[in-house]
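Residue strings, one per chain:
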Amino acid sequence: KQEVTQIPAALSVPEGENLVLNCSFTDSAIYNLQWFRQDPGKGLTSLLLIQSSQREQTSGRLNASLDKSSGRSTLYIAASQPGDSATYLCAVQGSYIPTFGRGTSLIVHP
Amino acid sequence: DAGVIQSPRHEVTEMGQEVTLRCKPISGHNSLFWYRQTMMRGLELLIYFNNNVPIDDSGMPEDRFSAKMPNASFSTLKIQPSEPRDSAVYFCASSPTRNEQFFGPGTRLTVL
């Protein structure tokens, strides 16, 4: 059974810092990995999708990488802003079923 | 497209009552997922449909929960009878098969 772990569980940083959020998974037989953002009391917003054949994806200040062989993905946030404060979740999709991590709760303070 | 639509957004009911949650997926998406999110357990997959057919319902907690997808544009999740421990946020998500998922805004259920 796929297990997804996100470290750290919580992170508090000053504005302007570059951040790395980690996601690890136990079964490397995946179709894709997706990063989401969830604001308090809201739904999940898709940030980036990496297909299993890809190594990374970029969107604005966000860059996600995937290393299937080691079962790891990282989400890099450049020049963090208070508006980036949210919970970030990764989801790994196997045959059909996605498995989610518990998320990293990020606070960026001015 | 308006995205995934869920209704109601909030539901407060008393223990023992029937609850029906509704979802309209994004047009053209053939996969639909129902999730439940709580502080204790995080985000849990309840059931997955592909082309309107339930593929995996191993996450449905017990027989009180049932889900249907009568057509490509509508799905329901029903709880009968409801219990206080069912209180959670229920999300519906849709995607093309094995592709990017898009989530609805969720239904916050409170069972008193």
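Below is a summary of the structure that appears in this document. Quick caveat: nothing in here was measured; it's all calculated off a predicted structure. Each residue is numbered by its place in its chain's sequence as written, counting from 1. For this description, chains carry letters from A and ligands carry numbers from 1, given in the order in which they are written. Owing to the predicted nature of the model, reporting of local features is limited to residues with pLDDT of at least 70; listing and counting of side-chain atom pairs is limited to 80 or more, with chain, interface and lining totals taken over all residues. Side-chain numbers here rest on the full set of heavy atoms in the structure, without hydrogens or water.

**Things to note about the packing of aromatic side chains**
- Think of it this way: a Phe, Tyr or Trp ring, Trp meaning its six-membered ring, pairs with another when their centres are within 6.5 Å, and the plane angle makes it stacked under 30 degrees, edge-to-face over 60, tilted otherwise. Inspection of the entire model under this criterion finds 8 aromatic pairs over all chains.
- Measuring from centroid to centroid gives 6.1 Å for B:F33 and B:Y35, while their planes differ by 25 degrees, and the two rings are stacked. For the pair B:F33 and B:Y35, a shared accessibility class is recorded, and that class is buried.
- Ring plane angle 25 degrees and centroid distance 4.8 Å describe the contact between B:F33 and B:Y48, whose orientation is recorded as stacked. Taken together, the residues span a long stretch of sequence, with B:F33 in strand β4 (residues 31-38) and B:Y48 in strand β5 (residues 42-50) at a distance of 15 residues.
- Burial classes follow relative accessibility: with a 1.4 Å probe on protein chains only, a residue under 20% of its type's maximum area counts as buried, one over 50% as exposed, and anything between as partly exposed. Using a relative accessible area of 0% as the deciding quantity, one classes B:Y48 as buried.
- By way of ring pairs, the aromatic residues A:F36, A:F100, B:F33, B:Y35, B:Y48, B:F91 and B:F103 are connected into one cluster. A run of H or I in DSSP becomes a helix once it reaches four residues, and a run of E becomes a strand once it reaches two; helices and strands are each numbered from the N terminus.

**Let's talk about the sheet that holds strand β8 (residues 74-79) of chain B**
Residues and elements named next belong to chain B.
- Strands sit in the order β1-β3-β8-β7 across an open sheet of 4 strands; the sheet is antiparallel. Each edge of the open sheet carries a strand with a single partner, namely β1 (5-7) and β7 (65-71). Between one strand axis and the next, the sheet turns by 15 degrees as a mean value, whatever way the strands run.
- Any two strands with at least two DSSP bridges between them are considered paired. Sheet topology places β1 next to strand β3 (residues 19-24); 3 bridges connect them, and they run antiparallel. Each bridged residue has a counterpart across the sheet, and for Q6 the counterpart in β3 is C23. Axis geometry follows a simple rule: fit a line to the C-alpha atoms, using only the stretch in contact for helices, then measure angles between N-to-C directions, giving values from 0 to 180 degrees.

**As for the environment of B:S82**
All names here are of chain B.
- Relative to the helices and strands, S82 resides in the loop between β8 and β9 (88-95).
- S82 gets classed as buried once you look at its relative accessible area, which sits at 1%.
- Distance in space between the C-alpha atoms of S82 and I26 is 28 Å, their sequence separation being 56 residues.
- Within the local environment of S82, its side chain forms a polar contact with the backbone oxygen of E14, the two atoms lying 3.5 Å apart.
- Only 2.8 Å separates the side chain of S82 from the backbone oxygen of Q17, close enough to count as a polar contact. Polar contact is the term for a pair of N or O atoms within 3.5 Å; when the atoms are in protein, one must be able to donate a hydrogen and the other to accept it, and sequence-neighboring residues count only if both atoms are side-chain atoms.

**A few points about the sheet that holds strand β1 (residues 4-7) of chain A**
All names here are of chain A.
- The antiparallel open sheet is built from 5 strands, whose spatial order is β1-β3-β8-β7-β6. The open sheet is flanked by β1 and β6 (56-59), the only strands paired with a single partner. Sheet twist, expressed as the average angle between the axes of neighbouring strands with direction ignored, equals 15 degrees.

**Digging into the state of the cysteines**
Residue and element names in this part refer to chain A.
- Disulfides are defined as pairs of cysteine sulfur atoms found within 2.5 Å of each other. Scanning the model with the defined rule gives 2 disulfides over all chains in all.
- One disulfide bridge connects C23 with C90, the sulfur atoms lying 2.0 Å from each other. Here C23 and C90 share a disulfide; its torsion about the S-S bond, 75 degrees, makes the bridge right-handed. Of the two residues, C23 is situated in strand β3 (residues 19-25) and C90 in strand β9 (residues 86-93); the sequence distance between them amounts to 67 residues. Like C90, C23 is buried.

**Here we look at the environment of A:G101**
All names here are of chain A.
- By the element assignment, G101 lies in the loop between β10 (98-100) and β11 (104-109).
- On a C-alpha basis, the gap between G101 and F25 in space is 8.9 Å, while along the polypeptide they are 76 residues apart.
- Whether two residues are in contact is decided by their heavy atoms: any pair within 4.5 Å suffices. Non-local contacts of G101, meaning those with residues more than four positions away in its chain, are made with V4, Q6, L89 and C90.

**Digging into the interface of chain B and chain A**
- Each partner contributes residues to the interface: chain B has 21 residues there, and chain A has 20 residues.
- Put simply, buried area is how much 1.4 Å-probe accessible surface two parts lose in total, over both of them, once they are put together. Interface of chain B and chain A: buried area, both sides summed, is about 1,700 Å²; carbon and sulfur atoms make up 55% of it.
- When a carboxyl oxygen of Asp or Glu lies within 4 Å of a side-chain nitrogen of Lys or Arg, that pair is called a salt bridge. The tally of links from chain B across to chain A stands at 0 salt bridges.
- Scanning the region where chain B abuts chain A turns up 5 residue pairs in polar contact (both at pLDDT 80 or more).
- Of all the secondary-structure elements, those providing two or more residues to the side of chain B that touches chain A are β4 and β5 of chain B.
- It is β5(B) that provides the largest number of residues to the side of chain B that touches chain A, a total of 4 residues.
- Side-chain classes are defined by residue name, with Ala, Val, Leu, Ile, Met, Phe, Trp, Tyr, Cys and Pro counting as nonpolar, Asp, Glu, Lys and Arg as charged, and the others, Gly among them, as polar. Its residues assigned to classes, the side of chain B that touches chain A shows 10 nonpolar, 6 polar and 5 charged.

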